[in-house]
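Overview (structure and organization)
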Amino acid sequence: MTRRRIIAATSSLIVVAVLAWSWAAHDRFRSTADRLLLLVPDGVSFSDPKVRMWLDAGSEEGLHLVPVHDSEFLSPLWRESKCAGLILPDSIHQQASDLFVASLHRFVADGGNLMLVYDAATFSLNGTYAAGRSRLSDLAGVDYALYDELKDRTTQWSKVTSTNVVVRQLEIPPGKYYPFRADASAQKGSPPFNPEGTFAVELRRYKYGDLQYPSFVTSGDFAGQVLFRSSHGLVAGQRSFQKGSVLFVNLPLGYLKGNTDGLMLHVFLKYFADHTLSLPYLMSVPDGVGGLILNWHIDSNAAIKPLQEMNSWTLLQQGPYSIHITAGPDSGKIGDRKGFDVDHNPVSQNLIRQYEGLGYQLGSHGGWIHDYFSAHVETDNPKDLEPFLKLNKDSIERVTGKPVEEYSAPNGNQPPWVTHWLEAHGFVAYYFTGDTGMGPTEGYRNGEREARNLWAFPILHLDRAAGFEEFMTEGYSDAEVARWLAAVTDFTTQQHSVRLMYFHPPGILPYHDLVDRWLEQTARLKAAGRFRWYTMTDLAKFLNLRKQVKWKTTYNGGLVTVEATHPQTLNHETWKIPATKFAEPKIVEGSAKVVRDNEAWMIIAGEGKDLRFETETLSK
């Protein structure tokens, strides 16, 4: 063989090898068209916290969210890949080349679906704003990143408003938006509403009410569905672009999630996957049954008489509940002898044994001395306060004979060192006053993931108030509290999700009749198999097992196959797929049942490590 032929043959082999490697890299996309691809700049590791928080959110929402570097997206072989949609995230992807921007336009124009977030691709590769407006303004449907015109006023903080119809589509719980029902009495300063049913709402925050978010000032009329607005323009909206679609979210979703406000990232990710793309997803509750966690906080011996009075309530006929106790002999300060005193008070011990006998979960509420621990936990040396946490945990365990695995911070004060201590001492769950409105999540703070296999349970709130004692001090009427309790119960039932509510026993006493009426609703739903009470521990353990589920979706023409496996059991794991897009699934392998839920199918797994079911796409 001549030298020229040898070189030619060698070159051919190299080309074949490169193509084979490229096709192998893309095979994961071709066989799983339900995947959402998160675009990440070359040079940014997939383990970077700014990337991981998106991947964690995708996992928690039960979706196949896969990171992809720009070079893969720009590869000539990209057109052979299949995906449900692309996500261009904020913070990670501020800079982009003209070629990258042109490729995004081509992707959407050819029929692709894009979720475009805040400052993504607003900078050129040299780190400056594009002249005039963002190069993606035509995709977004409004002009934004108007630095040449606005300079330091390019972004503004403001309230964000929507309608009750949209926030329900986004699966935001009542109380996180306000007002939450058309028949709620209008309050001075609240957004106006239409008594016929569609009315304006705004997002709110616990304690303060007023909630503002940063967004780019936008200009131009938006020709699409507006999801959120502010006084400075469009905050979120969905529109068509040639053959494709764009969900533009003018909020720093990743930044917010990294700083204990993850609700907006999760709701828009879920909206994109479910409402826009009709993707199958793995549900976050056992058997697809939503419900509530009722978290009792027992601070001191002032709770004993209220607890004894509550023994006659119908409340104790339901449950299980998560009951958290500050266990020491003192409450406000060392030596005041006002604590619940678990070690020495027989009444306290009997109450604990009673709740344990009812199947409730006993947990720690801070460390030993409620007010003292709360006042010092943020400022003192952690080594001086760790013994208080251990004393509290050990005291409750001596009565129950079981490990304490869940926690709530007194007055919500939980610096990161406490979370790390909980993780190191076998806890699986904690109540959290950040990320309000969300279901359980593995929390981020200061841009970093706080722990592994330790779940934060954010609180629900009614505008500014959360606990029953706060409803009275903040001036909410009994009628509005009753409507809110009914609304959040319906929300968790209809959305097949779980949320946490909390209270202190003295604060719930004035609401006895109201609570009894509320429990009539939960009892009816529970009897119908549509609602459950959960404990933080039980749900956290389910979610940790759920993380071990491996599943994939394969499309072969009109036939769709879902395969799943788990190293222990798939029992109680549940998939949901839209009935408007898919025919009734058939179980091919393993144990499961198929249930129709309004406009969706739920596939509820039984015992066994493997499951396979098939369905067909319905013609449009």
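Residues numbered from 1 in each chain as written. Predicted model: local features only at pLDDT ≥ 70, side-chain atom pairs only at ≥ 80, totals over all residues. Heavy atoms only, no water.

What to know about the pairing of strand β15 (residues 322-325)
- Burial along β15 is two-sided: the residues Ser 322 and His 324 and Ile 323 and Ile 325 are all buried.
- Of the pairings in the sheet, the one linking strand β14 (residues 291-298) to β15 comprises four bridges and is parallel in character. Residue pairing in the sheet places Trp 296 in a bridge with Ile 323 of β15.
- Pairing of β15 with strand β16 (residues 361-365) involves four bridges; the strand directions are parallel. The residue of β16 that forms the bridge with Ser 322 is Gln 361.
- Between the parallel elements β15 and β16, the chain passes through helix α11 (residues 346-357) in a crossover that is right-handed. (Buried < 20%, exposed > 50% of the residue type's maximum accessible area, 1.4 Å probe, protein only. Helix = DSSP H or I, 4+ residues; strand = E, 2+ residues; numbered from the N terminus. Pairing = 2+ DSSP bridges. Right-handed = clockwise from strand over helix to strand, strands pointing away.)

A look at the nonpolar core
- By size, the foremost hydrophobic cluster in this structure holds 151 residues, and its most contacted members are Leu 36, Trp 54, Phe 228, Phe 268 and Trp 296.
- Here the element with the most residues in this core is helix α9 (residues 263-276); it accounts for nine residues.
- For Leu 36, the residues in contact, after removing those within four places along its chain, are Leu 63, His 64, Leu 65, Val 66, Ala 84, Gly 85, Ile 87, Leu 269, Phe 272, Ala 273, Leu 277 and Leu 279.
- Core analysis: the next-biggest nonpolar cluster, separate from the first, contains 20 residues, Ile 293, Ala 466, Met 536 and Leu 539 among them. (Core = buried A, V, L, I, M, F, W, Y, C linked by side-chain atoms within 4.5 Å. Contact = heavy atoms within 4.5 Å.)

Re helix α4 (residues 98-109)
- Here α4 is 12 residues long and its end C-alpha atoms lie 16 Å apart, about the 16 Å a rise of 1.5 Å per residue gives.
- For α4, every residue scored as buried is listed here: Phe 100, Val 101, Ser 103, Leu 104, His 105, Phe 107, Val 108 and Ala 109.
- Looking one or two residues past α4, Gly 111 carries a phi angle of roughly 115°, positive in sign. (Expected span 1.5 Å × (residues − 1).)

Let's talk about the side chain of Ser 408
- Relative to the helices and strands, Ser 408 resides in strand β17 (residues 406-408).
- By relative accessible area, Ser 408 is classed as buried at 0%.
- A polar side-chain atom of Ser 408 sits 3.3 Å from a polar atom in the side chain of His 297.
- Only 2.8 Å separates the side chain of Ser 408 from the side chain of His 365, close enough to count as a polar contact. (Polar contact = N/O pair within 3.5 Å; in protein donor to acceptor, adjacent residues only side chain to side chain.)

Considerations on the sheet that holds strand β25 (residues 559-565)
- Read across the open sheet, the four strands follow the order β24-β25-β30-β27; overall the sheet is antiparallel. A strand with exactly one partner marks an edge of an open sheet, and here the two such strands are β24 (550-556) and β27 (586-589). The sheet shows a mean angle of 25° between the axes of neighbouring strands, taken without regard to direction.
- Pairing of β24 with β25 involves seven bridges; the strand directions are antiparallel. Residue pairing in the sheet places Tyr 555 in a bridge with Val 560 of β25. (Axes fitted to C-alpha atoms, helices over the stretch in contact; angles between N-to-C directions.)

Quick notes on the pattern of salt bridges
- A full pass over the atoms with the stated rule returns 24 salt bridges.
- Between Asp 56 and Arg 449 there is a salt bridge whose closest N-O contact spans 2.7 Å. Here Arg 449 lies in strand β20 (residues 448-449) and Asp 56 lies in helix α2 (residues 49-60), a separation of 393 residues in the sequence. Arg 449 carries the same exposure label as Asp 56, and that label is buried.
- Of the charged contacts, one joins Asp 394 and Lys 390 as a salt bridge, the two residues approaching to 2.6 Å between their closest N and O atoms. Of the two residues, Asp 394 and Lys 390 both sit in helix α13 (residues 382-400), four residues apart, roughly one turn of that helix.
- By relative accessible area, which is 46% here, Lys 390 ends up partly exposed.
- Salt bridges sharing partners connect three or more residues here, namely Arg 52, Asp 56, Glu 442, Arg 449 and Lys 547. (Salt bridge = Lys/Arg side-chain N within 4 Å of Asp/Glu carboxyl O.)

Some thoughts on α9
- Helix length check: α9, at 14 residues, gives a terminal C-alpha distance of 18 Å against a target of 20 Å (1.5 Å per residue), a fit within 8%.
- A large share of α9 lies buried, amounting to 11 of its 14 residues.
- Within the span of α9, buried status applies to Leu 263, Met 264, Leu 265, His 266, Val 267, Phe 268, Leu 269, Lys 270, Tyr 271, Phe 272 and Ala 273.
- Phi turns positive one or two residues past the end of α9, at Ser 278, with a value near 55°.

So, the packing of aromatic side chains
- Counted under the stated rule, the structure contains 28 aromatic pairs.
- Ring centres 5.5 Å apart and planes at 75° place the aromatic pair Phe 468 and Phe 471 in the edge-to-face group. Residue Phe 468 and its partner Phe 471 are located together in helix α15 (residues 468-473), separated by three residues, close to a single helical turn.
- The interplanar angle of 80° and the centroid separation of 5.7 Å between the aromatic rings of Trp 518 and Trp 533 together place this pair among those described as edge-to-face. Residue Trp 518 is located in helix α18 (residues 512-527), and its partner Trp 533 is located in strand β23 (residues 532-533); the two are separated by 15 residues in the primary sequence. Each of the two residues, Trp 518 as well as Trp 533, counts as buried.
- One aromatic cluster is present, formed by Trp 296, Tyr 321, Tyr 355, Tyr 360, Phe 468, Phe 471, Trp 484, Phe 503, Tyr 511, Trp 518, Phe 531 and Trp 533 through successive ring pairs.
- Looking at Arg 596, its charged tip hangs above the ring of Trp 601, at a distance of 4.9 Å from the centre. (Phe/Tyr/Trp six-rings, centres within 6.5 Å; stacked < 30°, edge-to-face > 60°. Lys NZ or Arg CZ within 6 Å of the ring centre and 35° of its normal.)

Quick look at the sheet that holds strand β29 (residues 600-605)
- Strand order in the open sheet formed by four strands is β13-β26-β29-β28, and the pairing between neighbours is antiparallel. Looking at the sheet topology across the chains shown, the edges are occupied by β13 (281-282) and β28 (592-597).
- Pairing analysis gives six bridges linking β28 to β29, with the strands arranged antiparallel. Directly across from Asp 597, in β29, lies its bridge partner Ala 600.

Focus: the environment of Thr 535
- Position of Thr 535 relative to the elements: it lies in the loop between β23 and α19 (536-546).
- On the basis of relative accessibility, which here comes to 0%, the residue Thr 535 falls in the buried class.
- The spacing of Thr 535 and Tyr 321 is 214 residues in sequence and 5.5 Å in space, taken between C-alpha atoms.
- When near neighbours in sequence (up to four residues on either side) are disregarded, Thr 535 contacts Ile 293, Pro 320, Tyr 321, Ser 322, Gln 361 and Glu 406.

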